[in-house]
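Given next are the chains, with one letter for each unit.
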Amino acid sequence: MSNKANDPSLSSWISVSPNSDFPIQNIPFGVFLTRDDVITIGTRIGDYAIDLGALHQLGYFNDIPLTDDIFLQDTLNDFISDGQKTWRLVRDRISEIFDSTNPILRENIEHQKTVLFTMEEIEMQLPVQIGDYTDFYSSKEHATNIGSMFRDPENALLPNWLHIPIGYHGRSSTIITSDTKIRRPKGQTKPKGADKPIYGPSKMVDFELEMAFITTDANKLGETIPIEDAEKYIFGLVLFNDWSARDIQKWEYVPLGPFNAKNFASSISPWIVTLDALQPFRVASPSQTPEPLPYLRQKGNNSYDINLEVSITPEGGVPTTVCKSNFKYMYWTMSQQLAHHTSNGCKVLSGDLMGSGTISGSTPDSYGSMLELAWQGTKPLRLEGGQTRTSIEDYDTVTLKGYCSNDEVRIGFGQVLTQLLPAN
Ligand code: CA
């Protein structure tokens, strides 16, 4: 089944600037609060949010098998449960409704008044109720950097890393969307040279540049997902800032991995860009040596060329881009992650969120965390205006952006922006 909505020759009767992340070929899904305080599921073209609940009530999806209230909900979970066939029918229909050659809604000003909102009129919400959150650790460069710093540069990658997409179970209760402010966490740390740990505000708050994919119901308990089927169960992707407290992490992470260093906040961008919309940007993932076990072997292009960047803005200051990376640097693909996750029969549900792990490239300006960019505090970063940073300071705002582009179309994720407030 093709994705008609991806046709690069399409244009919309809603005007879209050439550098917009949201041309008619994107059609992401999100949840927003309207000017009338109604929560609805929507999409976005250019700088307009589109109320899909209202469109459905007006009959624009009549011949697609959808329940009456599918878009009148405060999360996308039920729509995601409907599966890939329905996502494609709905995305293609939205594309038809807003196609510049289609007069039906274009000429109906009354309908437009109930369906269209400017971005200033709405407030984006968390798009899904996240049941389970898993975080992988799939960038070889990141794992090598961390292994070099925390352990031994000669044996930076642990022996299992090239065989297993390493991951751990995170906590979904603290996943927030863009523009939600967070507090500096407090926790237990052991300062250098001290013989006892202390409790207090973290002194090393960090971002992690990640992306996350959101799944549909994938399997029954005990069933595995073959790697060649894995992408069918991926609804779409968001930008993901997996906030971390490095001093807490360093003291607590042995023997069971991170705990309170990672579960105080993780921020996602509010529009889920579908995996379908990203198809024009498929690229090869890094070659894998040694060859993975058969259940993790793949052929063809299984990664996506998504440009990523991070900026830091001090209170009252201007943004400084501190990192430029790309999703395609990931050693393990999303299909490998999902196939491995379910290889023991673990059940995956609609609305589960899987983080990629910090995405670092091979050059120092592509490292996806302050820990790596400032190399454990030894190489402070200089911001526009002269301030320096080795970690995130109170009132700093961290912004992640991501987009794909080729000669024909640009598909973007918008941004996820978070301000860090002082500890309570
Ligand atoms: Ca992480």
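Owing to the predicted nature of the structure, the values given are computational and were not obtained by experimental measurement.

### Digging into the nonpolar core
Within soluble globular proteins, side chains that are nonpolar generally end up buried alongside one another. Of all hydrophobic cores here, the largest spans 53 residues; its most connected members are Leu237, Leu278, Ile306 and Phe327. Mapped onto this core, the elements with two or more residues apiece are strand S13 (209–215), strand S14 (234–241), strand S20 (307–313), strand S21 (320–326), helix H8 (334–341), helix H9 (370–373), strand S25 (397–405) and strand S26 (410–421). Among the elements that make up this core, the one with the highest residue count is S26 (4 residues). Core analysis: the second largest hydrophobic core is formed by 43 residues, Leu52, Ala54, Ile94 and Ile214 among them.

### As for the coordination of the calcium ion
Around the calcium ion, the donor atoms from the protein are Asp135 (OD), Glu208 (OE), Glu210 (OE) and Asp242 (OD), and they sit 2.2 to 2.3 Å away. Between consecutive donor residues of the calcium ion, the sequence gaps follow D-x72-E-x1-E-x31-D. Residue Asp135 is located in strand S6 (residues 133–136), and its partner Asp242 is located in the loop between S14 and strand S15 (244–245); the two are separated by 107 residues in the primary sequence. Note on accessibility: Asp135 and Asp242 belong to one class, buried.

### Here's the deal with the side chain of Lys262
Looking at the secondary structure, you find Lys262 in the loop between helix H7 (246–252) and strand S16 (266–268). The exposure class of Lys262 is buried, given its relative accessible area of 8%.

### A closer look at the environment of Thr40
Relative to the assigned elements, Thr40 resides in strand S2 (residues 39–45). Of the residues examined, Thr40 reaches a relative accessible area of 1% and is grouped as buried. Sequence separation between Thr40 and Ser362 is 322 residues; the distance between their C-alpha atoms is 42 Å. Filtering out sequence-adjacent residues up to four positions away, Thr40 remains in contact with Gly30, Val31, Phe32, Thr34, Asp51, Leu52, Gly53, Phe71 and Gln73. In terms of polar contacts, Thr40 uses its side chain to reach the side chain of Asp51, at 2.7 Å.

### What about the packing of aromatic side chains?
Counting across every chain of the model gives 14 aromatic pairs. Ring geometry for Phe29 versus Phe79: centroids 5.1 Å apart, planes at 45 degrees, classification tilted. Note that Phe29 is positioned in the segment before strand S1 (30–33) and Phe79 in helix H2 (residues 77–81), a separation of 50 residues in sequence. Both residues of the pair, Phe29 and Phe79, count as buried. Judged by centre distance (5.8 Å) and plane angle (50 degrees), the ring pair of Phe150 and Tyr253 falls under tilted.

### Comments concerning helix H6 (residues 140–150)
Of all 11 residues in H6, 8 are buried; the element is thus mostly enclosed. Among the residues making up H6, those that are buried are His142, Ala143, Asn145, Ile146, Gly147, Ser148, Met149 and Phe150. Those residues of H6 that are buried are in contact with H7 and H9.

### So, the domain arrangement of the protein chain
One can read the domain layout of the protein chain as domain 1 (4–124) and domain 2 (133–421). Once you take the C-alpha centre of each, domain 1 and domain 2 turn out to be 29 Å apart. Every contact between the two is made by 29 residues of domain 1 and, on the other side, 29 residues of domain 2. Summed over both sides, the interface between domain 1 and domain 2 buries roughly 2,200 Å², with carbon and sulfur atoms accounting for 60% of that surface. On the domain 1 side of the contact with domain 2, Asp21, Ile80 and Trp87 bury the most area, a combined 25% of that side's loss. Taken together, the links from domain 1 to domain 2 amount to 2 salt bridges. Measuring nitrogen to oxygen at the nearest pair gives 2.9 Å for the salt bridge that ties Arg88 to Asp276. The set of elements that each furnish at least two residues to the side of domain 1 that touches domain 2 consists of S1, S2, H2 and helix H3 (84–97). Considering only residue class, the side of domain 1 that touches domain 2 consists of 14 nonpolar, 11 polar and 4 charged.

Rules behind the numbers
Residues numbered from 1 in each chain as written. Predicted model: local features only at pLDDT ≥ 70, side-chain atom pairs only at ≥ 80, totals over all residues. Heavy atoms only, no water. Core = buried A, V, L, I, M, F, W, Y, C linked by side-chain atoms within 4.5 Å. Buried < 20%, exposed > 50% of the residue type's maximum accessible area, 1.4 Å probe, protein only. Helix = DSSP H or I, 4+ residues; strand = E, 2+ residues; numbered from the N terminus. Donors = N, O, S within 2.8 Å, 3.2 Å for Na, K, Ca; no water. Contact = heavy atoms within 4.5 Å. Polar contact = N/O pair within 3.5 Å; in protein donor to acceptor, adjacent residues only side chain to side chain. Phe/Tyr/Trp six-rings, centres within 6.5 Å; stacked < 30°, edge-to-face > 60°. Domains from an automatic or database assignment. Buried area = accessible area lost by both parts, 1.4 Å probe. Salt bridge = Lys/Arg side-chain N within 4 Å of Asp/Glu carboxyl O. Nonpolar A, V, L, I, M, F, W, Y, C, P; charged D, E, K, R; others polar.

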